[in-house]
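Structural description and commentary
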Amino acid sequence: FYKLKQYDSAAVYLGEALPAAYNKQEAARWEFLMGQLFKKAASTEQAIDAFEQAANHTLNPVMEVAAQLEIALLSGNSEGRNWKTVVQTLEKMARREKYASYRDLIYYSIGQLEYQNQAYPEAHQHLLKSIRYSLQNPEQKASTWLLLGDVAFTQKQYQPAKAYYDSVENSLIAETELPKLEQRK
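Analysis parameters
- The residue count restarts for each chain, going from 1 along the sequence in the order it is written.
- Local features in a predicted model are, by the rule used here, given only for residues with pLDDT of at least 70; side-chain atom pairs are given and counted only at 80 or more, and totals for whole chains, interfaces and linings are based on all residues.
- Only heavy atoms go into the side-chain values, all of them from the structure, while hydrogens and water stay out.
- Here, nonpolar core means buried Ala, Val, Leu, Ile, Met, Phe, Trp, Tyr and Cys residues that are tied together by side-chain atoms lying within 4.5 Å of each other.
- Only protein chains enter the calculation, and the probe is 1.4 Å; a residue is then buried if its accessible area is under 20% of its type maximum, exposed if over 50%, and partly exposed in between.
- Here a strand is any run of E in DSSP of at least two residues, a helix any run of H or I of at least four, and the numbering for each starts at the N terminus.
- Any two residues whose heavy atoms approach within 4.5 Å are treated as being in contact.
- Patch construction takes residues with relative accessible area above 30% that form no salt bridge. Like charges are linked within 9 Å, and nonpolar side chains (Val, Leu, Ile, Met, Phe, Trp, Tyr) are linked within 5 Å.
- In this description, accessible areas are obtained by the Shrake-Rupley approach with a 1.4 Å probe, and a residue is regarded as covered only by the protein chains that are shown.
- What counts as a salt bridge is simple: a side-chain nitrogen of Lys or Arg found within 4 Å of a carboxyl oxygen of Asp or Glu.
- Every helix has an expected span of 1.5 Å times one less than the residues it contains.
- Note: the arc covers the axis-to-C-beta directions of the helix.
- We call two N or O atoms a polar contact when they sit within 3.5 Å, provided that within protein one can donate a hydrogen and the other can accept it, with sequence-adjacent residues counted only if both atoms are side-chain atoms.

Focus on the nonpolar core
- Phe-32, Met-34, Leu-37 and Phe-51 are the most contacted members of the largest nonpolar core, which totals 23 residues.
- Elements with a minimum of two residues in this core: helix H1 (7-16), helix H2 (24-40), helix H3 (44-57) and helix H4 (61-75).
- Here this core takes 7 residues from H2, the largest share from any one element.
- Not counting residues up to four positions away in its chain, the partners in contact with Leu-37 are Tyr-2, Tyr-7, Ala-10, Ala-11 and Leu-14.
- Within the second largest apolar cluster, 18 residues are counted, among which are Tyr-108, Ala-161, Tyr-164 and Val-168.

Rendered as structure tokens:
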């Protein structure tokens, strides 16, 4: 089903195989994969459920962060889920010591979710926190500077937007973003 690009069917059969997993961590990984497959199939609610199961079952903090971020991004576009609740969950994660090395990514995701929901001042603050915690991840830092520029540009704050866009390391962002970046500069 995966090779045929029938991602929802692949996810369903992967879910049926969960009892055959060797241990809890492998089951959590399969649940995460199910979430990714449902996401590709545009089955948002099923993807969120699979990511929630993976986050609850995993013992790996990296997978838990990734699952929570996927939930946050999908919930921002989902009806019936309050994106502010997801932001609060992510903020709690960012304060926990075991996620200290992922704070830049967590705050970036919060800012992205707030930007999608037009909470621009909050997005700006969280993105600045992402920059502050981004010490060893230049790609993440470049993405954050770009989104900071977008937030300022959307609010017609063109001077700060230019400064943020100038801080973007062009070689570290997707080539598809370069024309927009150059045009906005």
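Some remarks on a nonpolar patch on the surface
- Residues Phe-1, Leu-4, Val-12 and Tyr-13 make up a contiguous nonpolar surface patch of about 430 Å² in total accessible area.
- In this structure, Phe-1 sits in the segment before H1.
- Exposure remark for Phe-1: the relative accessible area of 45% places this residue in the partly exposed category.

Description of unusual backbone geometry
- In this structure, Ala-42 is a non-glycine residue whose phi angle is positive, near 65°.
- Structurally, the position occupied by Ala-42 is in the loop between H2 and H3.
- Positive phi values are uncommon outside glycine, yet Gln-118 reaches one of about 60°.

Details of helix H5 (residues 83-95)
- Relative to the 18 Å expected for 13 residues at 1.5 Å per residue, H5 spans 19 Å between its end C-alpha atoms, a close match to the ideal helical length.
- Looking only at H5, the buried set comprises Trp-83, Val-86, Val-87, Leu-90, Met-93 and Ala-94. One side of H5 holds all its buried residues, which, seen down the axis, span an arc of 120°. Those residues of H5 that are exposed and angled more than 90 degrees off the buried face are Lys-92 and Arg-95.
- Buried residues along H5 sit in contact with H4 and helix H6 (103-116).

Digging into the side chain of Asp-150
- Its location among the elements puts Asp-150 in helix H8 (residues 138-154).
- You can call Asp-150 buried: its relative accessible area is 6%.
- Side-chain polar atoms of Asp-150 contact the side chain of Tyr-165, separated by 2.5 Å.
- Look past the residues within four positions of Asp-150 in its chain and what remains in contact with it is Tyr-115, Tyr-165, Lys-180 and Arg-184.

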